[in-house]
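Coordinates in review
Spelled out, the chains give:
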Amino acid sequence: MIIDFHTHIFPPEIIEQRSRYVREQKWFSRLYGDRNARMSSARGLVEEMDRCGVERAVACGFAWDSFELYVRTNDYIAEAVSRFPDRLIGFANVPPLHPEAPAEIDRCVEMGLKGIGELKPTGQGFSLDEPEKLAPLAEAAARHGLPLLIHISEPVGRYYPGKGFTSPRKAYRFALAFPELKLVYAHWGGGLLFYELLPDVRRELANVYYDCAANPYLYDDEIFALAMQLPIRHKLFFASDYPLLPLDSCLEEVTGAGLDAEQSAALLGGNAEAFLREAGAWS
Ligand SMILES: [Zn+2]
């Protein structure tokens, strides 16, 4: 079974009024101001999954400036999950510092959402380096046993839209502050996974997992074979960042990476299924 741990969907009416939101929403304009940047509804995502043989996907919304747009997108994701219950696992998004964020998380859990993310610290105006400010979010996640999917990026290399400034160092600090939270660091955690070769760091990051979202934009595909040799291979999840990239181009990288059958099965779905089942996010 193939599971994509990291995709983004939008309500169709927001896709139709894209130029309005480009004018009004700062982070949205940075990512979707370019007409070539694709957007997808839930139906578009499921059609792509069908086309590429992906059975389940974690569906996330977006990092808006307005609280009302978070609520609308969360409602839409909940509705999408009820339409495609055996295909989509819905994650809620909230601006973590907003006073209403914990209550919105409670509401999303009621609606059947199973995690929080993709949080984008730079786009949402907070820093993982200030964990004390994030305690209300962490408490709400812990109360419901929700995993958090968080955008992390490489502290070196070229800049690109959406990269942000959330380095492995900040991600490490956040994980130490909330060791009980189940954290999934997107985009290989900006490289944090390689520091898990330090035995003490590996113990400290026992609840940290990684996805490979958008890898065709980031690392050489040799990273898959290298990552699967690390002593944390059970913590690595296949992910695309769809619709940023077509699912098949992300899958082809993995199938061409020279992994053995057991490694491929774990990376493409087995690891994520075990994680989601343990988090109560599997139905
Ligand atoms: Zn991301």
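1. Here we look at the pairing of strand β3 (residues 88–92)
For β3, a buried count of five out of five residues is recorded, marking the element as mostly surrounded by other parts of the structure. Burial along β3 is two-sided: Leu88, Gly90 and Ala92 facing one way and Ile89 and Phe91 facing the other are all buried. A crossover connection joins strand β2 (residues 56–60) to the parallel β3 through helix α5 (residues 67–83); in handedness this β-α-β unit is right-handed. Pairing of β3 with strand β4 (residues 115–119) involves two bridges; the strand directions are parallel. Of the residues in β4, the one forming a bridge with Ala92 is Ile116. In this view, the connection linking β3 to its parallel neighbour β4 by way of helix α6 (residues 101–110) has right-handed handedness.

2. Observations concerning the packing of α6 against helix α8 (residues 135–144)
Between α6 and α8, the least distance of the axes is 9 Å, while the angle of their chain directions is 20 degrees. The orientation of α6 relative to α8 falls into the category roughly parallel. When you trace α6 past α8, the crossing you get is right-handed. Together, Pro102, Ile105, Asp106 and Val109 of α6 and Pro136, Leu137, Ala140, Arg143 and His144 of α8 make up the contact between the two elements. The class makeup of the residues in the contact of α6 with α8 is six nonpolar, one polar and two charged.

3. Observations concerning the sheet that holds strand β8 (residues 236–237)
Hydrogen bonds along the backbone pair up the strands of a sheet, which may run parallel or antiparallel. Pairing within the open sheet is parallel, and its eight strands lie in the order β1-β2-β3-β4-β5-β6-β7-β8. The open sheet has two edge strands with one neighbour each: β1 (3–8) and β8. One ladder, built from three bridges, connects strand β5 (residues 148–150) with strand β6 (residues 183–185); its direction is parallel. Along β6, the bridge assignment pairs Leu148 with Leu183. Lying on the sheet, α5 is in contact with β2 and β3; it crosses β3 at an angle near 160 degrees.

About the criteria used
Residue numbering note: each chain is counted from 1, following its sequence as written. Totals for whole chains, interfaces and linings use every residue, but because this is a predicted model, local features are given only for residues with pLDDT of at least 70 and side-chain atom pairs only at 80 or more, for both listing and counting. Excluding hydrogens and water, the side-chain values take into account all heavy atoms of the structure. A 1.4 Å probe rolled over the protein chains alone gives each residue an accessible area, and that area as a share of the maximum for its type sets the label: buried under 20%, exposed over 50%, partly exposed in between. Counting from the N terminus, the helices are the DSSP runs of H or I reaching at least four residues and the strands are the DSSP runs of E reaching at least two. By the criterion used throughout, a crossover qualifies as right-handed when its path from the first strand across the helix to the second strand runs clockwise, the strands pointing away from the viewer. Pairing between strands requires that DSSP locate at least two bridges from one strand to the other. To get an axis, a line is fitted to the C-alpha atoms, and for a helix only the part in contact is used. The angle between two axes follows their N-to-C directions and goes from 0 to 180 degrees. Angular relationships are summarised with four words: roughly parallel below 35 degrees, roughly antiparallel beyond 145, roughly perpendicular across 65 to 115, and oblique for the angles in between. Left-handed describes a crossing in which the near helix is turned anticlockwise from the far one by less than a right angle; the clockwise case is right-handed. Two residues qualify as a contact provided that any one of their heavy atoms is within 4.5 Å of a heavy atom in the partner residue. In this classification, the charged set is Asp, Glu, Lys and Arg, the nonpolar set is Ala, Val, Leu, Ile, Met, Phe, Trp, Tyr, Cys and Pro, and all remaining amino acids, among them Gly, are polar.

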